[in-house]
Amino acid sequence: DELLGKGYAAEKVEKFIAVISAADDEESALAAAEGFASDASVVEKMRQVLRFAREIAYGRFNVVYDKSLVRGMGYYTGPIFEVTLDGYNFAIAGGGRYDQMIGKFSGQNVSACGFSIGFERIVTIVRHADAAKRNERSFHRRSAVMRSVI
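Residues numbered from 1 in each chain as written. Predicted model: local features only at pLDDT ≥ 70, side-chain atom pairs only at ≥ 80, totals over all residues. Heavy atoms only, no water.

Asker: Lay out the sheet that holds strand 1 (residues 80–84) in plain terms, naming residues and giving numbers.
Answerer: If you walk across this open sheet you meet the three strands as 1-2-3, and the pairing is antiparallel. Across the chains shown, the open sheet's two edge strands, defined by having one partner strand only, are strand 1 and strand 3 (112–117). Strand-to-strand twist of the sheet, defined as the mean angle between neighbouring strand axes without regard to direction, takes the value 15°. Taken together, the six bridges between strand 2 (residues 91–98) and strand 3 define a ladder with antiparallel strand orientation. Within strand 3, the position partnered with Ala93 by the bridge is Ile117. (Pairing = 2+ DSSP bridges. Helix = DSSP H or I, 4+ residues; strand = E, 2+ residues; numbered from the N terminus. Axes fitted to C-alpha atoms, helices over the stretch in contact; angles between N-to-C directions.)

Okay, here's the thing in C-alpha cells:
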C-alpha cells in the first residue's frame, strides 16, 4: 500500500513483492530479481560482485546476499552492504555505491563506493571481548587456586 500510495504502478509493486517473497536461497532470489530488473545484466553484475568478494575472502568470512537489506540513505545508487559479527544483532560497518553524491560537492560526477564504521559498536565488541578474557582468566585463576588448596 505504501508503494502504491507513492505512485508506483500496481504491476511493478506486484513484481517487487514477488522478488522479495522469492525463496531464501541466493540463486532463487537472484533469479527472481532478473525477472524484475529492467536490465538483467545488473543481476549478473551482482553475481560477479558476490563471486569476487568470496574469492578475496579466502573463506575467512562469509559473503551473503540478503535481498531484505535496506540502508536508510537516499544517496545510494547501486549495491549496498553491511558488515556484521556473529553474536551481535547490529552491523559494525555499512555502505554502498553512490554515483551523484561527490558531484554535489565538487561539481564533477564521480562514481564511488564507500562505507562507514560504527566506532561505538566496535568499542562495544572490544569491551565484551575484554570482559570475557578477564572472566576467563579469573575463572582459571580460581580453578588453579582451588586445585592447589585441595
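Now that the structure is up, let's keep going.
Asker: Which residues make up the packing of helix 2 (residues 10–21) against helix 3 (residues 26–36), and what values go with them?
Answerer: Geometrically, a packed helix pair is captured by the angle between its two axes and the distance between the axes. The geometry of helix 2 relative to helix 3 is characterised by a closest axis approach of 9 Å and an angle of 165° between their N-to-C directions. Taken together, the axes of helix 2 and helix 3 are roughly antiparallel relative to one another. Between helix 2 and helix 3 lies a crossing whose hand is left-handed. Of the residues in helix 3, those in contact with Lys12, Lys15, Phe16 and Val19 of helix 2 are Ala32, Ala33 and Phe36. Broken down by class, the residue content of the contact of helix 2 with helix 3 amounts to five nonpolar, no polar and two charged. (Parallel < 35°, antiparallel > 145°, perpendicular 65-115°, else oblique. Left-handed = near helix turned anticlockwise from the far one by under 90°. Contact = heavy atoms within 4.5 Å. Nonpolar A, V, L, I, M, F, W, Y, C, P; charged D, E, K, R; others polar.)

Asker: Kindly report on the pattern of salt bridges, identifying the contributing residues and their values.
Answerer: Enumeration over the complete set of coordinates arrives at six salt bridges. With its nearest N and O atoms 2.6 Å apart, the salt bridge here joins Asp99 to Arg97. (Salt bridge = Lys/Arg side-chain N within 4 Å of Asp/Glu carboxyl O.)

Asker: How would you sum up the packing of aromatic side chains? Please name residues and give values.
Answerer: Per the counting criterion, the structure on display carries two aromatic pairs. Ring centres of Phe81 and Phe115 lie 6.5 Å apart, and the angle between their planes is 55°; on these two criteria the pair is classed as tilted. Of the two residues, Phe81 is situated in strand 1 and Phe115 in strand 3; the sequence distance between them amounts to 34 residues. Look at Phe115 and you get exposed, because its relative accessible area is 57%. Seen from their ring centres, Tyr88 and Phe90 are 5.5 Å apart, and the 50° between their planes marks the pair as tilted. Given the relative accessible area of 22%, Tyr88 is considered partly exposed. (Phe/Tyr/Trp six-rings, centres within 6.5 Å; stacked < 30°, edge-to-face > 60°. Buried < 20%, exposed > 50% of the residue type's maximum accessible area, 1.4 Å probe, protein only.)

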